[in-house]
Amino acid sequence: MVLTRRIIPCLDLKDGRVVKGTNFLGLRDAGDPVELAERYNEQGADEVVFLDITASKEKRGIIIDLIQRAADRLFLPLTVGGGLRSLDDIQQILRAGADKVSLNTAAVHDPSLITKGAESFGTQCIVVAMDVRRNFTENAAAVPVRLADGRTCWYEVVIYGGSKPTGIDAVRWAKEAEERGAGEILLTSMETDGTKNGFDLAITRAISESANVPVIASGGVGTLEHFYDGFTKGKADACLAASVFHYGEFTVHEVKEYLNGRGIPVRL
């Protein structure tokens, strides 16, 4: 049985609205999250991700009522992240109607939260989101990644919406997250986020090859071919995109038709 590849629209939330920026900066409004999610539901999205991108930095919880409203009106899996710091937070989000939670900053601060979340709610509910960026300094403990231009670097995990470096190697962190019970890895490269120049294929491929759980590629889609590259060159299990969907450049169905035509198995 051939596993179908997933197309996942991502809605970055700030103050209850969908926003989109470039390299995590210059945020601009993109609409009402529930209305957008309903549109993607109708277009055949496999899942939808809600990420409250400033919740951790502002040290506040996620918007429960928004999740409830979305869950009442959507008929596809919903992943929610941002500001989750405890098992109780995870339970609240799942009770509000989410199918999965995405842990990022809190998982770095307390990796045992991944383990406890997986034990309490099942690995299928726990997604570890990783925001990463290239680092060219010497680091003997890091896994080297060769870029398309021939240079070699390692990828550093960053937290609080990309504002704080951690010194943690991304490939090793992905492996630890998997060992602790994460059911999926959501990988976003700061270098490519919002640029529309394509996914960061080097780190996507490195983590996809080292992890035994599904990897979701995120950050940088601008063309239909970028989705294809994410699956073929990046070896991702799912491709996530935001602005190309929010601003109507492509529909989810158009992306799937294109991929199907190029031999990528998708749910039509």
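Residues numbered from 1 in each chain as written. Predicted model: local features only at pLDDT ≥ 70, side-chain atom pairs only at ≥ 80, totals over all residues. Heavy atoms only, no water.

Considering the environment of Glu 119
Relative to the elements of secondary structure, Glu 119 occurs in helix α5 (residues 112–121). On the accessibility criterion, Glu 119 (63% relative accessible area) is exposed. Separated by 29 residues in the primary sequence, Glu 119 and Ile 90 have C-alpha atoms spaced 12 Å apart. (Helix = DSSP H or I, 4+ residues; strand = E, 2+ residues; numbered from the N terminus. Buried < 20%, exposed > 50% of the residue type's maximum accessible area, 1.4 Å probe, protein only.)

A word on the packing of aromatic side chains
With the rule as written, the count across this model stands at two aromatic pairs. Taking 5.9 Å as the distance between ring centres and 55 degrees as the angle between the ring planes, the aromatic pair formed by Tyr 40 and Phe 245 counts as tilted. Of the two residues, Tyr 40 sits in helix α1 (residues 33–43) while Phe 245 sits in helix α9 (residues 243–246), which places them 205 residues apart along the sequence. Phe 245 carries the same exposure label as Tyr 40, and that label is buried. Positioned above the aromatic ring of Tyr 228 is the side chain of Arg 262, whose terminal nitrogen or guanidinium carbon lies 3.6 Å from the ring centre. (Phe/Tyr/Trp six-rings, centres within 6.5 Å; stacked < 30°, edge-to-face > 60°. Lys NZ or Arg CZ within 6 Å of the ring centre and 35° of its normal.)

Concerning unusual backbone geometry
Not every positive phi belongs to a glycine, and Lys 196 is a case in point at roughly 65 degrees. With respect to the helices, strands and loops of the structure, Lys 196 is situated in the loop between β11 (184–189) and α7 (201–210). Since its relative accessible area comes to 30%, Lys 196 is described here as partly exposed. Even without a glycine there, the phi angle at Lys 235 is positive, about 60 degrees. With respect to the element layout, Lys 235 can be found in the loop between α8 (224–232) and β13 (238–241). Overall, the relative accessible area of 44% leaves Lys 235 in the partly exposed class.

Some words on the packing of α1 against helix α2 (residues 64–73)
Contact geometry for α1 and α2: axes closest at 10 Å, N-to-C directions at 25 degrees. Classified by the angle between their axes, α1 and α2 sit roughly parallel to one another. Two packed elements cross with a definite hand, and for α1 against α2 that hand is right-handed. Residue-level contacts link Pro 33, Val 34, Glu 38 and Asn 41 of α1 to Leu 66, Arg 69, Ala 70 and Arg 73 of α2. (Axes fitted to C-alpha atoms, helices over the stretch in contact; angles between N-to-C directions. Parallel < 35°, antiparallel > 145°, perpendicular 65-115°, else oblique. Left-handed = near helix turned anticlockwise from the far one by under 90°. Contact = heavy atoms within 4.5 Å.)

Brief notes about the pattern of salt bridges
One pass over the structure, following the stated rule, counts 15 salt bridges. Here Arg 69 and Asp 32 are joined by a salt bridge, their closest N and O atoms 3.6 Å apart. Within this pair, whereas Arg 69 is found in helix α2, its partner Asp 32 is found in the loop between β3 (25–31) and α1, the two being separated by 37 residues in sequence. Since its relative accessible area comes to 16%, Asp 32 is described here as buried. Between Glu 184 and Lys 100 there is a salt bridge; the shortest N-O distance is 2.7 Å. Here the residue Glu 184 occupies a position in strand β11, and Lys 100 occupies one in strand β6 (residues 100–103), the gap between them amounting to 84 residues. As far as burial versus exposure is concerned, Glu 184 and Lys 100 are alike and both buried. (Salt bridge = Lys/Arg side-chain N within 4 Å of Asp/Glu carboxyl O.)

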